[in-house]
Amino acid sequence: MTGLSLHQFKKIFLLLSGMPLLEHIRKRRMTLASYDLRERGMKVIDVAIKYRYNSPDAFTKAFYKVHKVNPSAVYEKNTPVKFYAPVTFQLTMIGGSQMNYRIEEKEAFKIAGIQERLSDFYNDVDKSITAIRETAGNNIYNKLKVV
């Protein structure tokens, strides 16, 4: 839907929301789970299955991490639970101003660089570029940067 790889989407989501994508998903699921328990009166085991936990114990641990109460305590109306709203993003475009430019012809010049094939550009670009820089060493990198 976004035209991004999962890795890119996770990075952009973290940048825009300040929270990792999987953390947001976990908190939203626990919000919905608390609703299912309290308002719909579902059993803990049924909610654990609904949200794809392997066991009620695994669900209870995950629920406690988010709400700081056990799922069975949610049946009581006074038990406080946390609510995590869905994240929405609004894109605002700024700009569209005029830019003056000109095309100039230059004498021939040389460009130096390091050639490296990246096996998985979209998922490992940061690691790959860092590895190339570390392999090249500071002397070569600084010489290339000055040219």
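Residues numbered from 1 in each chain as written. Predicted model: local features only at pLDDT ≥ 70, side-chain atom pairs only at ≥ 80, totals over all residues. Heavy atoms only, no water.

## Notes on the environment of Leu14
Rules: Each helix corresponds to a stretch of at least 4 residues labelled H or I by DSSP, and each strand to a stretch of at least 2 residues labelled E; elements are numbered beginning at the N terminus. Relative accessibility decides the category of a residue: with a 1.4 Å probe and only protein chains considered, values under 20% of the type maximum give buried, values over 50% give exposed, and everything between is partly exposed. Working rule for contacts: check all heavy atoms of both residues, and any pair within 4.5 Å makes them a contact.
Relative to the helices and strands, Leu14 resides in helix H1 (residues 6–17). Here Leu14 falls in the partly exposed class, since its relative accessible area comes to 42%. C-alpha of Leu14 to C-alpha of His24: the two residues are 10 residues apart in sequence and 9.7 Å apart in space. Sequence-distant contacts of Leu14, that is, excluding residues within four places in its chain, are made with Met19 and Pro20.

## Quick word on the packing of helix H2 (residues 21–38) against helix H4 (residues 56–67)
To describe two helices that pack against each other, one gives the angle between their axes and the distance between the axes. How we decide: The axes used here are C-alpha line fits, helices contributing only the stretch in contact, and every angle between their N-to-C directions lies in the interval 0 to 180 degrees. The scheme is simple: roughly parallel for angles under 35 degrees, roughly antiparallel for over 145, roughly perpendicular for 65 to 115, oblique for anything else. Each residue is assigned to one class: nonpolar for Ala, Val, Leu, Ile, Met, Phe, Trp, Tyr, Cys and Pro, charged for Asp, Glu, Lys and Arg, and polar for all the others, Gly among them.
Packing of H2 against H4 leaves a shortest axis separation of 10 Å and a crossing angle of 105 degrees. Classed by the angle they form, the pair H2 and H4 counts as roughly perpendicular. Facing H2, whose interface residues are Met30, Thr31, Ala33, Ser34 and Leu37, H4 presents Phe59, Ala62, Phe63, Val66 and His67. Here the contact of H2 with H4 is built from residues that sort into 7 nonpolar, 3 polar and no charged.

## Side note on the packing of H1 against H2
Packing of H1 against H2 leaves a shortest axis separation of 8 Å and a crossing angle of 75 degrees. Here H1 lies roughly perpendicular to H2, going by the angle between them. From H1, Phe9, Lys10 and Phe13 reach across to H2, where they touch Leu21, Leu22 and His24. Among the residues forming the contact of H1 with H2, the class breakdown is 4 nonpolar, 1 polar and 1 charged.

## A short note on unusual backbone geometry
Even without being glycine, Arg52 reaches a positive phi, approximately 60 degrees. Position of Arg52 relative to the elements: it lies in the loop between helix H3 (44–50) and H4. Residue classification places Arg52 among the exposed residues on the basis of a relative accessible area of 72%.

## Side note on H1
Our working rule: What a helix should span is 1.5 Å times the count of its residues minus one.
Given a rise of 1.5 Å per residue, 12 residues ought to cover 16 Å, and the 16 Å separating the end C-alpha atoms of H1 matches this to within 8%. At the C-terminal side of H1, Gly18 shows a positive phi close to 80 degrees.

## A short note on the nonpolar core
Selection criterion: For this analysis, a nonpolar core means a set of buried residues of the types Ala, Val, Leu, Ile, Met, Phe, Trp, Tyr and Cys, connected via side-chain atoms within 4.5 Å.
With 14 residues, the main nonpolar core has Met30, Ala33, Leu37, Val47, Phe59, Phe63 and Val74 as its most contacted residues. Breaking this core down by element, the ones donating at least two residues are H2, H3 and H4. Counting residues per element, this core draws most heavily on H4, at 4 residues.

## Topic: the pattern of salt bridges
Counted only if it meets this: A pair is scored as a salt bridge if a Lys or Arg side-chain nitrogen falls within 4 Å of a carboxyl oxygen belonging to Asp or Glu.
One pass over the structure, following the stated rule, counts 5 salt bridges. A salt bridge links Arg40 to Asp36; the shortest N-O distance between them is 3.1 Å. The salt bridge partner of Arg102 is Glu104, with a shortest N-O separation of 2.5 Å. Judged by relative accessible area, Arg102 falls into the exposed class, the value being 67%. Residue Glu104 is classed as partly exposed on the basis of its relative accessible area, which comes to 43%.

## Description of H4
Short version of the rule: By definition, the arc is the one covered by directions from the helix axis to the C-beta atoms.
In this model H4 runs 16 Å from its N-terminal to its C-terminal C-alpha over 12 residues, within 8% of the 16 Å that 1.5 Å per residue would give. Those residues of H4 that fall on the buried side of the exposure criterion are Phe59, Ala62, Phe63, Val66 and His67. Buried residues along H4 cover an arc of 115 degrees about the axis, so they all sit on one side. Facing away from the buried side of H4 by more than 90 degrees, the exposed set consists of Asp57, Lys61 and Lys65. Among the structural elements, H2 and H3 are those in contact with the buried residues of H4. With its phi angle positive at about 65 degrees, Lys68 sits one or two positions after the end of H4.

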